[in-house]
Amino acid sequence: MFDKFISYVRDIYSSKDAIPLHEPTFIGNEFKYVNDTIKSTYVSSIGEYVQTFENLIEKYTSATKAVATVNGTTALQVALKISGIKTGDLVITQPLTFIATCNALHYLGASPIFVDISDKSLSLCPKALEKYLDQNALVSNSKCIHKKTKKQIKAILPMHTYGHPAQMEELVAIAGKWKLIIIEDAAESLGSFYKGKHTGTLGDIGILSFNGNKIITSGGGGMILCNKDEDGVKAKHLTTTAKVPHEYEFFHDEHGFNYRLPNINAALGCAQMENIEKFLGRKRSLAAKYESFFKNSEIRFVKEPDYGQSNYWLNCIIVPDKKFRDEFLKKTNYEKIITRPAWTLMHHLPMYKNCLKGSLKVSEKIGSTLINIPSTPVI
Ligand SMILES: *Cc1c(COP(=O)(O)O)cnc(C)c1O
């Protein structure tokens, strides 16, 4: 199995060299647009590519307002802040996620509650969520209160894992019933849709990331997807030092952040967006190849759910047990076919190990048997 997989991947990429997990692809106007910013001297926080990039993302995702930021983590921090997340608040999220999801909460003094993922979507499980709330929370004066700590559970923060859309309709219904806001961490899921709607636009607010390993990159970068115009205005203000617009005076009316996306990064992002359909198509055909390779084997290739479309950002397989996983990782990486285990589950990290949590059986199982396999689109 291991040797067959290794030669299969080498065939796909027609390469004898190291095959990365995911690397950016520059086949369009990247050089031209980045050069423009250098020639014009507008490489920093002012320049027209930022607005253009925001417009492209708005159009593509149908978000009411998209606000660019310096990375996805800061986008999430600001999206949470705008949603009213404050010191002492609790927010329900999944333990299978990248560290940024929890860190963004921490920066605001809030804490995560970990609830299990669904085996199907690998994202926050509606059934587990409902069960956790039934057992641990009550609604009083339109607020969801965690019974034991008396703290308010303000929101749920589902993450569309590896690009596969979460079960949003069910999550939205539960959030409504329990008076919870929904902030979507769609950092990995540009190009993923839930019943035709772009991920990150189904809850109250969402975010994207354009880090170098994501489906498109701006070097570093992020975007806040706002469903309400007023959130867009707030997000722009907060991320641009809360400066009140004036011809020459500097007046800031609150504690803002300098989270602006530089123009040079936005230029790269614009060029990448022009090829998004191409990237998605090639990712889809790569996923189809893996799917057929693992068919009728003891390994499950994770397919997009029937209710949505995945961008197949990072292809995932789930192997029978941890021992199998460890051997797979060792052999493939030794042969320079880069593969990676799932992130260490958040509640196993020192900073988050004492957080509240429900039963995390599915997360534990997936966390120790999932492997990401090479996912750069083949051009
Ligand atoms: C990439 C990522 C982010 C944001 O990361 P940045 O590197 O700050 O752009 C947030 N959440 C998840 C789940 C991610 O994968």
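Our subject is the structure listed above.
Residues numbered from 1 in each chain as written. Predicted model: local features only at pLDDT ≥ 70, side-chain atom pairs only at ≥ 80, totals over all residues. Heavy atoms only, no water.

For the rest of this paragraph, the subject is the pairing of strand S4 (residues 137-140). Alignment of S4 against strand S5 (residues 143-146), held across four bridges, turns out to be antiparallel. Looking across to S5, one finds that leucine 138 is bridged to isoleucine 145. (Pairing = 2+ DSSP bridges. Helix = DSSP H or I, 4+ residues; strand = E, 2+ residues; numbered from the N terminus.)

To continue, consider the environment of threonine 93. Of note, threonine 93 is situated in strand S2 (residues 90-93). The exposure class of threonine 93 is buried, given its relative accessible area of 0%. The sequence separation of threonine 93 and glycine 281 amounts to 188 residues, and the corresponding C-alpha distance is 30 Å. When neighbours within four sequence positions are excluded, threonine 93 is seen to be in contact with Thr101, Pro112, Ile113, Phe114, Val115, Leu124 and Leu157. At 2.7 Å, the side chain of threonine 93 forms a polar contact with the backbone oxygen of leucine 157. (Buried < 20%, exposed > 50% of the residue type's maximum accessible area, 1.4 Å probe, protein only. Contact = heavy atoms within 4.5 Å. Polar contact = N/O pair within 3.5 Å; in protein donor to acceptor, adjacent residues only side chain to side chain.)

Turning our attention to the sheet that holds strand S12 (residues 300-301). A sheet is described by the order of its strands in space; here four strands give the open sequence S12-S14-S17-S15, paired in antiparallel fashion. With one partner strand each, in any of the chains shown, S12 and strand S15 (340-341) form the two edges of the open sheet. Inspection of the sheet shows strand S14 (residues 315-318) paired to strand S17 (residues 370-373) by four bridges, in the antiparallel sense. Across the sheet, isoleucine 317 pairs through a bridge with isoleucine 371, a residue of S17.

Now for empty space enclosed by the protein. Taking a probe equal in size to a water molecule and rolling it over the atoms shows the remaining empty space. Applying the stated rule across the entire model yields one cavity of 30 Å³ or more. Taken as a whole, the largest cavity spans an internal volume of roughly 60 Å³. Surrounding the largest cavity, His22, Glu23, Pro24, Thr25, Lys214, Ile215, Ile216, Thr217, Gln272, Phe279, Lys283 and Pro377 form its lining. Of the residues contributing to the lining of the largest cavity, the split by class is five nonpolar, four polar and three charged. (1 Å grid on protein atoms, 1.4 Å probe; cavity = no way out; pocket = protein on both sides within 12 Å on 5 of 7 lines; lining within 4 Å. Points joined across faces, edges and corners; volume = space filled by probe spheres on them. Nonpolar A, V, L, I, M, F, W, Y, C, P; charged D, E, K, R; others polar.)

As a further point, take the nonpolar core. For soluble globular proteins, nonpolar side chains are generally found buried alongside one another. By size, the foremost hydrophobic cluster in this structure holds 45 residues, and its most contacted members are Phe53, Ile57, Leu122, Tyr162, Leu190 and Met223. Every element with two or more residues in this core is listed here: helix H2 (30-40), helix H3 (48-61), strand S1 (65-69), strand S11 (222-226), helix H9 (263-273), helix H10 (276-294) and S14. Considering each element in turn, this core owes the most residues, six residues, to H9. Setting aside its immediate chain neighbours within four residues, leucine 190 contacts Ile57, Tyr60, Thr61, His198, Leu208, Phe210, Ile215, Ile216, Met273, Ile276, Leu280 and Asn311. Formed by 25 residues, the second largest nonpolar core is a distinct cluster that contains Val67, Ile82, Leu105 and Ala235. (Core = buried A, V, L, I, M, F, W, Y, C linked by side-chain atoms within 4.5 Å.)

With respect to burial, strand S7 (residues 181-185) is a largely interior element, four of its five residues being buried. Across two bridges, the pairing between strand S6 (residues 153-157) and S7 is parallel. Residue pairing across strands places isoleucine 156 opposite isoleucine 182, the latter belonging to S7. Note: S7 against strand S10 (residues 205-209), three bridges, orientation parallel. Residue pairing across strands places aspartate 185 opposite isoleucine 207, the latter belonging to S10.

Taken by themselves, the reported measurements are silent on function.
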